[in-house]
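Tertiary structure, described
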Amino acid sequence: MNYILLIKEIYLEAFKNLGSYFVKNFFKVFTWFCLACLLIVLYAFIFRVATGFAFD
């Protein structure tokens, strides 16, 4: 639980004094987009491993 709270605190501190409204929101959207892409890649990899795909 402390690990999740630490990540939340790092996320909030990163955007506290970032600059203009546009830049701050752009990086927030970019962060969530990258997280979504990472989750899609992890899902695809786990799906391939679970179905017996041969990684030759």
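Structure's up top.
These notes cover the structure that comes with them. (Residues numbered from 1 in each chain as written. Predicted model: local features only at pLDDT ≥ 70, side-chain atom pairs only at ≥ 80, totals over all residues. Heavy atoms only, no water.)

**Focus: the state of the cysteines**
- This structure, assessed with the given rule, holds zero disulfides.
- Cys34 forms no disulfide, and the closest cysteine sulfur to it belongs to Cys37, at a distance of 6.3 Å. (Disulfide = S-S within 2.5 Å.)

**Re helix H2 (residues 21-50)**
- The terminal C-alpha atoms of H2 lie 44 Å apart, and with 30 residues this matches the ideal 44 Å at 1.5 Å per residue to within 8%.
- Following H2 by one or two positions, Gly52 has its phi on the positive side, about 85°. (Helix = DSSP H or I, 4+ residues; strand = E, 2+ residues; numbered from the N terminus. Expected span 1.5 Å × (residues − 1).)

**A word on the pattern of salt bridges**
- Throughout the structure, instances matching the rule amount to one salt bridge.
- Lys16 serves as the salt-bridge partner of Glu13, at 3.1 Å between the closest nitrogen and oxygen.
- The exposure class assigned to Glu13 is partly exposed, which follows from its relative accessible area of 43%. (Salt bridge = Lys/Arg side-chain N within 4 Å of Asp/Glu carboxyl O. Buried < 20%, exposed > 50% of the residue type's maximum accessible area, 1.4 Å probe, protein only.)

**Here we look at the packing of aromatic side chains**
- Overall, the coordinates contain five aromatic pairs when judged by the stated rule.
- On the numbers, 6.3 Å between centres and 65° between planes, the contact of Tyr11 with Trp32 is edge-to-face. In this pair, Tyr11 is assigned in helix H1 (residues 2-14) and Trp32 in helix H2, connecting sequence segments 21 residues apart.
- A relative accessible area of 52% places Trp32 in the exposed class.
- When the ring of Phe26 is compared with that of Phe27, the centres are 5.6 Å apart and the planes differ by 65°; the resulting orientation is edge-to-face.
- With a relative accessible area of 45%, Phe26 lands in the partly exposed category.
- Lying over the aromatic face of Phe53, Arg48 brings its terminal NZ or CZ to 4.6 Å of the ring centre. (Phe/Tyr/Trp six-rings, centres within 6.5 Å; stacked < 30°, edge-to-face > 60°. Lys NZ or Arg CZ within 6 Å of the ring centre and 35° of its normal.)

Any functional reading would require information beyond the geometric quantities listed.
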